[in-house]
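Descriptive structure summary
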Amino acid sequence: MSATDSTLWNWQRVCDLKDLPPLGARVVSHAQGDIAVFRGAGEEVFALLDRCPHKGGPLSQGIVFGRHVSCPLHGWTIGLADGVAVAPDQGCTPGFEVRLDGGQVYLRLPALAAEPVA
Amino acid sequence: MQRAKLVVVGNGMAGTRTLEELLKLAPDLYDITVFGAERHANYNRILLSPVLAGEMTLREIMLNDEQWYRDQGITLHLANPVARIDRSRRCVVAADGTSAPYDRLLLATGSAPVMLPIPGCELQGVLSYRDIADTEAMIEASGRHSHAVVIGGGLLGLEAANGLRQRGMEVTVVHLMPWLMERQLDRSAAQMLERSLADKGLRFLLGRQTERITGKDGHACAVVLKGGEEIPADLVVMAVGIRPNVDLARAAGLHCERGIVVNDTLQTHDPRIYGVGECVAHRGLTYGLVAPLFDMAKVCANHLARLGIGRYQGSISSTKLKVTGVDVFSAGDFTGGENTEEILLQDPGGGVYKKLVLRDERLVGTVLYGDTVDSAWYFQLLRDGTNVAQIRDHLMFGESHLGNTGHQGQNRAVTMPDTMEVCGCNGVTKGTIVKAIKESGLFSVDDVRKHTKASASCGSCTGLVEQLLASTIGGAYAPQAAAQKPVCTCTELTHEEVRRAIRDHHLHSIPQAMAFLDWHTPDGCASCRPALNYYVLCAWPREAQDDPQSRYINERAHANIQKNGTFSVVPRMFGGVTSAAELRRIADVVDKYAIPGVKVTGGQRIDLLGVRKEDLPRVWADLDMPSGHAYAKALRTVKTCVGSEWCRFGVQDSTALGIDLERALARMYAPHKVKLAVSGCPRNCAESGIKDVGVIGVDSGWEIYVGGNGGIKTEAAQFLVKVRTADEVLEVTGAFLQLYREEARYLDRTVAYIQRVGMDHIRMKVVDDATSRLELYQRLLFCLEGATDPWQERIAGAQSHEYEAITL
Ligand code: SRM
Ligand SMILES: Cc1cc2nc3c(=O)[nH]c(=O)nc-3n(C[C@H](O)[C@H](O)[C@H](O)COP(=O)(O)OP(=O)(O)OC[C@H]3O[C@@H](n4cnc5c(N)ncnc54)[C@H](O)[C@@H]3O)c2cc1C
Ligand code: SF4
Ligand code: FES
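Just so it is clear, the model here is predicted, and its values are computed rather than measured.

1. Thoughts on the site of ligand 1
All names here are of chain B. Around ligand 1 sit 21 residues, and of these Gln-562, Thr-601, Gly-602, Arg-605 and Lys-673 come closest. Ser-568 places a side-chain nitrogen or oxygen 3.1 Å from an oxygen atom of ligand 1. For ligand 1, an oxygen atom lies 2.6 Å from a polar atom in the side chain of Lys-673.

2. Overview of the sheet that holds strand E4 (residues 45–49) of chain A
With respect to topology, 4 strands assemble into an open sheet ordered E4(A)-E3(A)-E2(A)-E39(B), the strand pairing being mixed. Looking at strand neighbours, the two that pair on one side only are E4 of chain A together with strand E39 (806–807) of chain B, the edges of this open sheet. Taken together, the 2 bridges between strand E2 (residues 24–29) of chain A and E39 of chain B define a ladder with parallel strand orientation. Among the inter-strand pairings, Ser-29 of chain A is bridged to a residue of E39 of chain B, identified as Thr-807 of chain B.

3. Re the interface of chain A and chain B
Taken together, the contact pairs 30 residues of chain A with 30 residues of chain B. Each partner contributes to the roughly 2,200 Å² buried at the junction of chain A and chain B, and carbon and sulfur atoms together form 58% of this total. Counting across the chain A and chain B interface gives 1 salt bridge. Its salt-bridge partner being Asp-89 of chain A, residue Lys-453 of chain B comes within 2.7 Å of it at the nearest N-O pair. For the pair chain A and chain B, the interface holds 12 residue pairs in polar contact (both at pLDDT 80 or more). Element by element, the count of residues in the side of chain A that touches chain B is highest for E2 of chain A, at 5 residues. Residues belonging to the side of chain A that touches chain B are distributed by class as follows: 18 nonpolar, 9 polar and 3 charged.

4. A look at a negative patch on the surface
Where like charges cluster on the molecular surface, the negative patch consists of Glu-645, Asp-653, Asp-660, Asp-727 and Glu-728 of chain B. Residue class for Asp-727 of chain B comes out exposed when judged on its relative accessible area of 61%.

5. A look at helix H21 (residues 726–743) of chain B
Helix length check: H21 of chain B, at 18 residues, gives a terminal C-alpha distance of 26 Å against a target of 26 Å (1.5 Å per residue), a fit within 8%. Among the residues making up H21 of chain B, those that are buried are Val-729, Leu-730, Val-732, Thr-733, Gly-734, Ala-735, Phe-736, Leu-737, Gln-738, Leu-739, Tyr-740 and Arg-741 of chain B.

6. Quick look at the nonpolar core
Residues and elements named next belong to chain B. Residues Ile-32, Leu-164 and Leu-193 are the most contacted members of the largest nonpolar core, which totals 120 residues. The element best represented in this core is helix H8 (residues 290–304), accounting for 8 residues. Non-local contacts of Ile-32, meaning those with residues more than four positions away in its chain, are made with Leu-6, Val-8, Leu-19, Leu-22, Leu-23, Gly-73, Ile-74 and Thr-75. Core analysis: the next-biggest nonpolar cluster, separate from the first, contains 36 residues, Met-668, Val-674, Leu-676 and Val-678 among them.

7. Observations regarding the side chain of Glu-802 of chain B
Mapping Glu-802 of chain B onto the fold places it in the loop between helix H25 (790–795) and E39. Of the residues examined, Glu-802 of chain B reaches a relative accessible area of 10% and is grouped as buried. Beyond its immediate stretch of four places on either side in the chain, Glu-802 of chain B contacts Gln-61 of chain A together with Ile-553, Arg-556, Ala-557 and Lys-613 of chain B.

8. Digging into helix H22 (residues 750–757) of chain B
It helps to recall that an α-helix has 3.6 residues per turn; residues three or four apart then point in one direction. Residues and elements named next belong to chain B. All of the buried residues along H22 are Thr-750, Val-751, Tyr-753 and Ile-754. On an axial view of H22, the arc spanned by its buried residues comes to 160°, and they lie on one face. Considering only its buried residues, H22 is in contact with strand E37 (701–706), strand E38 (718–723), H21 and helix H23 (759–768). Immediately beyond the C-terminal end of H22, within one or two residues, lies Gly-758, with a positive phi of roughly 90°.

9. Here we look at the packing of aromatic side chains
By the definition in use, this model includes 9 aromatic pairs over all chains. Seen in terms of ring centroids, Phe-329 of chain B and Phe-379 of chain B are 6.4 Å apart; in terms of plane orientation they differ by 75°. Their pairing is edge-to-face. One end of the pair, Phe-329 of chain B, is in strand E24 (residues 328–332); the other, Phe-379 of chain B, is in helix H9 (residues 375–384), and 50 residues separate them in sequence. Each member of the pair Phe-329 of chain B and Phe-379 of chain B is classed as buried. When the ring of Tyr-705 of chain B is compared with that of Phe-719 of chain B, the centres are 5.5 Å apart and the planes differ by 70°; the resulting orientation is edge-to-face. A residue pair is termed long-range when its members are at least 10 positions apart, and Tyr-705 of chain B in strand E37 and Phe-719 of chain B in strand E38 qualify at 14 residues. Cation over ring: Arg-99 of chain A sits above Tyr-106 of chain A, and NZ or CZ is 4.9 Å from the ring centre. Note that Arg-683 of chain B overlies the ring of Phe-649 of chain B, its terminal NZ or CZ placed 3.6 Å from the centroid.

Here is what the cut-offs are and how they apply
Residue indices begin from 1 for each chain and proceed along its sequence in written order. Each chain is given a letter, starting from A, and each ligand a number, starting from 1, according to the order in which they appear as written. Given that the model is predicted, a residue must reach a pLDDT of at least 70 before its local features are reported, and side-chain atom pairs must reach 80 or more before they are shown or counted; all residues, however, enter totals for whole chains, interfaces and linings. Hydrogens and water molecules were not included; the side-chain quantities draw on all heavy atoms of the structure. The rule for a residue being near a molecule or strand is that one of its heavy atoms must lie within 4 Å of it. Side-chain atoms alone can form a polar contact between residues adjacent in sequence; in general such a contact is a pair of N or O atoms within 3.5 Å, and within protein one must be able to donate a hydrogen while the other accepts it. Pairs of strands are assigned from DSSP output, requiring at least two bridges between the strands. Under the DSSP-based scheme used, a helix requires at least four consecutive residues in state H or I and a strand at least two consecutive residues in state E, with every element numbered from the N terminus. Residue contacts are defined here by distance: any two heavy atoms, one from each residue, within 4.5 Å place the two residues in contact. In this description, buried area is defined as the sum, over both parts, of the accessible area (probe of 1.4 Å) that is lost when the two are combined. A pair is scored as a salt bridge if a Lys or Arg side-chain nitrogen falls within 4 Å of a carboxyl oxygen belonging to Asp or Glu. Amino acids are sorted into nonpolar (Ala, Val, Leu, Ile, Met, Phe, Trp, Tyr, Cys and Pro), charged (Asp, Glu, Lys and Arg) and polar (every other residue, Gly among them). For patch building, the residue pool is restricted to those with more than 30% relative accessible area and no salt bridge; the joining distance is 9 Å between like charges and 5 Å between nonpolar side chains (Val, Leu, Ile, Met, Phe, Trp, Tyr). Surface exposure here means Shrake-Rupley accessible area, sampled with a 1.4 Å probe, where a residue is shielded only by the protein chains that are shown. Residues scored as charged are limited to Lys and Arg (positive) and Asp and Glu (negative), so that His and the chain ends carry no count. For this purpose, a charge sits on NZ of Lys, CZ of Arg, CG of Asp or CD of Glu. Remark: exposure states derive from per-residue accessible area (1.4 Å probe, protein chains only) relative to the maximum for the residue type, with buried under 20%, exposed over 50%, and partly exposed in between. Take the residue count of a helix, subtract one, and multiply by 1.5 Å to get its expected span. We call a set of buried residues a nonpolar core when its members are Ala, Val, Leu, Ile, Met, Phe, Trp, Tyr or Cys and they connect through side-chain atoms within 4.5 Å of each other. Directions pointing from the helix axis toward each C-beta atom define the arc. For Phe, Tyr and Trp, where Trp contributes only its six-membered ring, two rings pair if their centres lie within 6.5 Å, and the inter-plane angle classes them as stacked under 30 degrees, edge-to-face over 60, or tilted in between. Counted as over-ring charges are cases with an Arg CZ or a Lys NZ within 6 Å of the ring centre that also lie within 35 degrees of the ring normal.

The analysis is restricted to geometry; functional conclusions fall outside its scope.
Here it is as structure tokens:
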């Protein structure tokens, strides 16, 4: 996700890593739509818009395995790192930059955004 | 470290399939070198017939092109047959002198057509029918000449004859035996086949022997039969049989019979050398169809990958003639013999012939002519060895006559128009599926699922997809025997093998099970994790820890997810009985949380729809009713009728028994959802006949039925036993459900489970053997003792992070 001219992007603290269950997710409510923050089996974290490219299912509610999540509504498999649906399905959901620092999870988010993120 | 070297001789269907399977299991284990005698990469040999008939092009039948080999890092030598194997130096030497060392060698040399050693067989214009070169030569000849003779009236010969006829030639088939395809068909079916092929313009000379081929200027011009008859022929195709290519192996000193002898792990007598495909002899048999080769490929790849799981134990194969407009199918042992019975339907006028051969209440063989829509179903029954005693009366009339009123009932895949929807969940049409099967070279339902999504959701169209596979690729489609289906692509093991290991080796967590069973993926997938979670919990109740992350969202959040991401809440109303106080609380909750939908369900209770996730724990607290588990693979409803307390016909108190059953079994997790019903008399107002366990009150006690289903496929429940008291109903029901819990595959409803193990097994464990019944019931009680209500736990704060969003 690259910054657009009219939007300012900031790193914001979201939660402790321990608040994220391994192979699980949390929803971050954001003014412009929910964001799903995922955690792999270890300490790897990912963030996607909480909206399946198929029919908008909440990806945060899916089953996480490897670096993928299976959408709870109709079972599409979405890559956590790139938001891309695994073939034969086609589609992509926007992702967000996320990082881990001293056991804390940070998301890079549009500050007071002028436009919706997606 | 240097990688081990694998050399493959023969890049046909079996060799390349083995490589595909191997690369899935162990992509980095070997440096792979492949030698092929043909100048083409791997193509779908069985589709040469549609190419000859002008229905497909060569490009469409390629399975793995040269780019595929490059992408996999495989060194491929084309048009370069291996001439010699040097076992002491462990290398192969090819025709052009190239040599390649091996640590493991795989022989997949296929077979060669038999050429009759008659005078004139060396003339130009005399061909066999095996590969692209033959096919191209036939197509070319059909453009220049007009008379063809095909020697051999078997599968290949008839497909060749049909193709040449389609290309405008006058074709005569000369066959030694008295009827066509005598290895696959019996006489009656063969005669019907002969008539319909004659209608297409083919000429047959049966029971006749070819003596010689005469030529002019080195080119064939006629075939002379014994007795002197002469038939003009500018093109002669010999299709009289195949002979496994064993010369290379024999010269290297490997033990060969008709084929290269291999054991159940597909090893030859030299353990470094494996063999697969038409070139091998396994337990004295050689095969000439692709389905068995795929079974071999799977096992062989597993051993090459050093996993050491699985044995090849032989295959039952089926044949389908690929002549458009003529449907012939045969499978198994259809000639009958001692201890077999035959069911026969013969309608020469209508062009239909069907023969089913039974032994010990099981289908062992079948021949179908004219109406082959049920071929996939019969073949599955045959491979699974299903006991057909119960459906024998209907067997001949096919699957759609089994009271199967569901989606699969629209059974005529072959006659469906291309635009018709096959998969209602994903909107996939017949045309799309057939195209994918042909163009991507798909062979299994799983392949079709991956490529098109058809049957990937509710699965009710699986039968149709199987039929489309069978009618598109013919005998190459082998429905996998259900007994061998792996849990998912993360493992080769079946559900039964996984369950057994969990029990025998005291595996009580998912990571433990995955490590012990060599799972291929680090943390499984969305299919196997929920199954494993259930299996460890069922095998080690009150010891194994539940893993919420391996549960589908509904079971993790204890409510049903809706299409818009909200949830529905269905509180338990034992036996469908409620009170003013409960209804008042429900009404208050609806108002307080502004719940948009309230509905009476099909299961005698009330559904609150559109609840926000974060409200769930408070909604549950205010309702103050137990979870209805409407979201879980667990006990759902126990439907009751009013029964003897009020009803003028009632002979038993069905409401009270229903409530007792529901109280006893609430919180029972299972392989799939479980629904019960109790009716107070045979009028059966609670619909006990379509429940997992249905109880019907009669004057002298209770009748118990099991395995009913009112869902995707309607199935009537089967009578299990009649008992006198309500206590006995509880014990029998509990024992049956525990047996189901311990033995069913995850996501099999009771009906599917019973179809697999048979009613006799259930009766023996639950009815006849009182000790077994009691033990089962005790195990269920042990598991349920102390189980708590999940809503109560969450009201008290368990898993609170599940319900709280993070706000910034
Ligand atoms: C709420 C209810 C419909 C209604 O408004 O009446 C319902 C709703 C759903 N059913 Fe059902 N079924 C409901 C009664 C039934 C019945 C009738 C019954 O129970 O008497 C059946 C047929 C009987 C049977 O199961 O044998 C039924 C057969 C199915 C099936 C097919 C099961 C099968 O084995 O063929 C599914 C799909 C599945 O489970 O895989 C299904 C799946 C579903 C799901 C859970 C779909 C899903 O996975 O999201 C629906 C949830 C909707 C939602 O948004 O909450 N529902 N469903 C009923 C709840 C009853 C209850 O009180 O618990
Ligand atoms: C026209 C036709 C239609 C068919 N229709 C059906 C059908 O409908 N259903 C069905 O199930 N089966 C059908 N079959 C049979 C099916 O194609 C074979 O069973 C299958 O291809 C066998 O696979 P294989 O790998 O053992 O042999 P092949 O596919 O023949 O592969 C062996 C390869 O090894 C090569 N080779 C041999 N010796 C050497 C050597 N020394 N060095 C290097 N390479 C070598 C050969 O050139 C060949 O390319 C059909 C066959 C034909 C010809
Ligand atoms: S409630 Fe049942 S029948 Fe109705 S749409 Fe949902 S799954 Fe289909
Ligand atoms: S909305 Fe995600 S799979 Fe349909």
